[in-house]
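Summary of the model geometry
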Amino acid sequence: MSNNTPDITLTISSDNPAPSGYTPSGFLNYSYKYTGGNDGAGAIIGKDNDGAVNVNLTLATAVSMSISSVSFFTVDGNGNKTPYTGPELGWNPDNQQPVTSGKIKDKMDNVQDYYYSVLVSVPLVGEFTCDPPIKNET
């Protein structure tokens, strides 16, 4: 049996206060909400050595925002983030700028918890991150 992760949608709000279910980004009034994934909230969870996971990630927004980048990291017991740049995880945008969708790939060939960080760009305003988890389980 292979791993199967539903598509993930990232929705951005600039309402103040943040709508119910949205996470404040810490940047101006922007907040975000993930839907889809294995937990309905953007998580990627799979079993190691049970096949790679390829997840479609889509940014859903009413204004001209885009995905600047997707990066990966681990978090230690103290909450410290360490960037991950190995071959286990990857991001492939579906198109050139402005990027609004792409694929996250997890080879699922080891047991490790990761996070992915989506850097969202708001033209003429700035950028902020949105961080849900990736879990590779035994």
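What comes next is a walk through the structure.

Conventions adopted
- Residues numbered from 1 in each chain as written.
- Predicted model: local features only at pLDDT ≥ 70, side-chain atom pairs only at ≥ 80, totals over all residues.
- Heavy atoms only, no water.
- Pairing = 2+ DSSP bridges.
- Helix = DSSP H or I, 4+ residues; strand = E, 2+ residues; numbered from the N terminus.
- Phe/Tyr/Trp six-rings, centres within 6.5 Å; stacked < 30°, edge-to-face > 60°.
- Buried < 20%, exposed > 50% of the residue type's maximum accessible area, 1.4 Å probe, protein only.

In space, the 6 strands of this open sheet follow the order S2-S3-S1-S5-S9-S8, with mixed pairing throughout. Edge positions in the sheet fall to strand S2 (23-24) and strand S8 (89-93), since each has one partner strand and no second. Looking at chain direction, strand S5 (residues 53-60) and strand S9 (residues 101-106) are connected through 6 bridges and run antiparallel. Residue pairing in the sheet places Asn 56 in a bridge with Lys 103 of S9.

Attention shifts here to the packing of aromatic side chains. Summed over the entire model, instances satisfying the criterion amount to 7 aromatic pairs. Judged by centre distance (5.5 Å) and plane angle (10°), the rings of Phe 73 and Tyr 115 are stacked. On the criterion of sequence distance, the pair formed by Phe 73 in strand S6 (residues 66-75) and Tyr 115 in strand S10 (residues 113-122) is long-range, its members being 42 residues apart. Residue Tyr 115 is classed as partly exposed on the basis of its relative accessible area, which comes to 28%. An aromatic cluster of at least three residues, connected via ring pairs, comprises Phe 27, Tyr 30 and Phe 128.

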